[in-house]
Amino acid sequence: MEEQEAVGRLMAEMTLAEKIGQLNLLAAGEGLVTGAAQHTPLARRLDAGQVGAIFGTKSRASARAMQERALAGSRLSIPVFFAEDVIHGHRTVFPINIALACSWDLDLIEETAAHAAAEAAAEGLHHVFAPMIDISRDPRWGRVAESPGEDPLLAARIAAAMTRGFQGRNIADADRVAACLKHFVGYGAPESGRDYDNVSLSWEDLLAVHLPPFQAGVAEGAASVMVAFNAVNKLPMHANKPLIEGWLRKGEGFDGLVISDYTGVKELTAHGLGPAAVAVARALHAGIDMDMVGEDFLEKLPTLAREGVEAPHAGFSLSAAEIVDLVDKACHRVLIFKSRLGLLSNPFKGLAENPVAPSRQEGRKLARKAAARSTILIKNDHSLLPLPLDQKVALIGPFAADRANMLGTWAVSGKVEDVIPLNEAVKALTGTEPAVAWGANIVDELWLEQRLNVHGVTVERDSRSEDAILKETMAAAHAADVVIATIGEAKEHAGESSSRLAPDLPAPQRRLISRLANTGKPLVVVVFAGRPLALGEVAEKADALLFAWHGGIAGPQGVADVLFGAASPAGRLAVSLPTHPGEVPLYHAAEPTGRPSLGNFQKFRSNWLDLPDDAIRFPFGFGLGYGTVRYGSPALSSDTAMATETVLLSLKIENTGPGEVVETVQLYASDPVARVTRPARMLIDFKQVTLSAGEARELVFEITAQQFRYPIALSLLSAEWVRDPGTIQLHVGANSRDTQSVELKWLT
Ligand code: NOJ
């Protein structure tokens, strides 16, 4: 209430121009420069009271200077807020988000967000452009690296955990920041995996697959939302009133801030919605409060507020008074946001001389644990892993001593020198320097080399021929007891605007693995990547295989911990791992077709002629441990129930191995008879438990009819959630494929 009154008083005194100024979100760029260049574009805007927020400040001192200038330039001394891309850590870089998702450890994920929040807040940041919660089922899309993966339930829980971690109980607290759910919505499903491409989605998929993480983040109190670049069902998200004003604000009751993505308002013109003034009016009308970087709100709104807008081509018009009203509403939301951050009473929040930053040492410990937890043991023939500490190790391949790539994409505040590379991590653990054979130029084939030239090279290149390098690596392999081959992709190969046509391992790396496998030495393959890469024959040739992603500053330490048994592997795939890149999109919750099983006619099968049926695939939820976990049979408290009842599914699991294990027990369901085709399997719950050697535990899952609601489209713009009586199947197990089933009948 108080907050509303303070903002109301401010609003009453503000001019239209001052209100429009609050809607402008700028990049710091070169920041403020003193001396002859002191009138940078940013400085000019600050002096004129035309900036609501700034992102990309490089230090607390420069942010402080900007805040002083903002306060001096604003007649009513309204402060700006500072934002940043804090995607998987801030200075302490944690594993990329898809990796963190593979931990399935919500407390750990929350802790990483809380640590990042505290680091960011201590640098004077108030707002982070995270969590990124776009469901992604297509590894061609480079931003799968930032995503929580393919599954709506896991992603929704991660959205909530990260929101809690960033915001804590109160975004005004000194060690917390405001979260921003992005990218609203459907950005993770672009056609052919091309970044920014438009998206055609049924309402059913929007509601059941892509919106649940946003719903969970909003329910957790996320303070802001960023709109996606793409169009959804022909309507660009920056003009998508049904989804922003309709689903988000009206439907979910979201009362926070909605910001555009970088020049997203301007891009409406390229989307074909009309000239800049129309784009601005449509974005504002759709519910966008702040315009990031493009400055079109700033430029066009003064005239629009005098003259209104007519766009006969779109059957769209707004009067001058309506524009003024929309500006008022947007400005009000910006000020409420600032008030919630505590900035209206303390404009120098986080900009004090000696802020309390969290311990970097603690951060590294957490990053190391997160890296080990995110690493997935995909294969471990003859229990090759964990390796004894006294083995003679040859570390081979482009990532054997690499630092830069470990940071992954979107690590804007990370420092390469913070990374401890794999060779050093192995030495620290085993006490022995591993032989390192550097295969720098086997990282890619030519087309990717050319691309790297454009984007800046982080993988050092070796000018020798592939043959010369192979000779060196073979010599190292022959001299070792065990070979650890590090392969994968560079950090620039994933991330924004970095889609790949064929998300697989490049041919030179595959050749390397074949040669290493032929030596007969035990072969451990570690894949460092920003996306789920199709492993093809590499998965067959490796004796043991770890999928380690880009693991952050302590990524290689986490990998070494798993390799030598200092940590028990606990990662479970948050995305299905294809065997061939042509299989994508690939996800466990696909719907059954009319011809799902093997018929007489090969061609009738919905599969590929050129991919063997028994090709190795690693399903969603999959990951091995070092122990053996025995699953008992699941039992229901009742196999029939009324819709108002809760049914219990219980099951005993037992660690029969010699060491501690972390097991993620997953519960899936299918609804074989419904009004529409339903996914073959949907994740409906999971529980992660740590079991010491010999420990047994009884797990109980609560099943309610609510879990079986599903949407059906009513019209182009609306849908309804329904549920039916009848039989559903419950599948419980260690991953989405290896499960045991029971049936439950809803009587009502
Ligand atoms: C564009 C990206 O899509 C978004 O995720 C990011 O937060 C902004 N740029 C700001 O850097």
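Residues numbered from 1 in each chain as written. Predicted model: local features only at pLDDT ≥ 70, side-chain atom pairs only at ≥ 80, totals over all residues. Heavy atoms only, no water.

Assigned secondary structure in the chain consists of 21 helices and 29 strands. Over its C-alpha trace the chain gives a radius of gyration of 27 Å, about what one expects of a compact globule, namely 27 Å for 748 residues. C-alpha atoms of the chain, sized along the principal axes, occupy 75 × 70 × 50 Å. When burial is assessed residue by residue, the chain has 58% of its 748 residues classed as buried. (Helix = DSSP H or I, 4+ residues; strand = E, 2+ residues; numbered from the N terminus. Rg over C-alpha atoms; globule rule 2.2 N^0.38 Å. Buried < 20%, exposed > 50% of the residue type's maximum accessible area, 1.4 Å probe, protein only.)

Next up on the list: the domain arrangement of the chain. Along its sequence, the chain is organised into domain 1 (373-563) and domain 2 (627-746). Here the C-alpha centroids of domain 1 and domain 2 sit 36 Å apart. (Domains from an automatic or database assignment.)

Let us now look at unusual backbone geometry. Residues Lys182 and His183 are joined by a peptide bond in cis, for which omega reads 0°. Mapped onto the fold, His183 is located in strand β5 (residues 180-184). A cis amide bond links Phe184 to the next residue, Val185, at an omega of 0°. Along the chain, Val185 turns up in the loop between β5 and α8 (203-210). Positive phi, close to 55°, is recorded for Ser192, a residue that is not glycine. Looking at the secondary structure, you find Ser192 in the loop between β5 and α8.

Contacts to the ligand come from 13 residues, most closely from Asp85, Arg143, Lys182, His183 and Asp261. Between an oxygen atom of the ligand and a side-chain N or O atom of Asp85, the distance comes to 2.5 Å. With respect to the ligand, the side chain of Asp261 contributes an N or O atom lying 2.6 Å from an oxygen atom. Protein coverage of the free-state accessible area of the ligand, which is 300 Å², stands at 96%. Split into classes, the residues belonging to the shell around the ligand amount to seven nonpolar, one polar and five charged. (Near = heavy atom within 4 Å. Polar contact = N/O pair within 3.5 Å; in protein donor to acceptor, adjacent residues only side chain to side chain. Areas by Shrake-Rupley, 256 points an atom, 1.4 Å probe, with all protein chains shown as cover. Nonpolar A, V, L, I, M, F, W, Y, C, P; charged D, E, K, R; others polar.)

Okay, the confidence of the model for the chain next. Per-chain confidence: the chain averages 92 in pLDDT, with 94% of residues scoring 70 or above. Within the chain, helix α17 (residues 446-455) has the poorest average pLDDT of any element, 40, and strand β9 (residues 257-259) the best, 99. Considering only residues more than four positions removed or in separate chains, one finds that residues 445-459, a stretch of pLDDT under 50, has 29 contacts. Every residue in residues 599-604 scores below 50 in pLDDT, and together they form two contacts with partners more than four places removed in sequence or on other chains. (pLDDT = per-residue confidence, 0-100. Contact = heavy atoms within 4.5 Å.)

Pairing is parallel in the open sheet, where five strands are placed in the order β4-β3-β2-β1-β10. The open sheet is flanked by β4 (127-128) and β10 (291-292), the only strands paired with a single partner. Here strand β2 (residues 53-55) pairs with strand β3 (residues 81-84) via three bridges, running parallel. Its bridge partner lying in β3, Ala53 is registered against Phe81. (Pairing = 2+ DSSP bridges.)

We now examine the packing of aromatic side chains. The final tally for this structure, using the stated rule, is 15 aromatic pairs. When the centroid spacing of 6.2 Å and the interplanar angle of 70° are considered together, the rings of Tyr187 and Phe229 count as edge-to-face. Residue Tyr187 is located in the loop between β5 and α8, and its partner Phe229 is located in the loop between β6 (224-227) and β7 (231-232); the two are separated by 42 residues in the primary sequence. Taking the relative accessible area as the measure of exposure, Tyr187 reaches 0% and is therefore buried. (Phe/Tyr/Trp six-rings, centres within 6.5 Å; stacked < 30°, edge-to-face > 60°.)

Of all the residues in helix α16 (residues 422-430), the buried ones are Leu422, Asn423, Ala425, Val426 and Thr430. In an axial view of α16, the angular spread of the buried residues amounts to 165°, which keeps them on one side of the axis. Tucked into the core, α16 has its buried residues touching β14 (393-396), β15 (435-437), β16 (482-488), β17 (523-528) and α21 (555-563). Immediately downstream of α16, the backbone of Gly431 shows phi near 80°, a positive value. (Arc of directions from axis to C-beta.)

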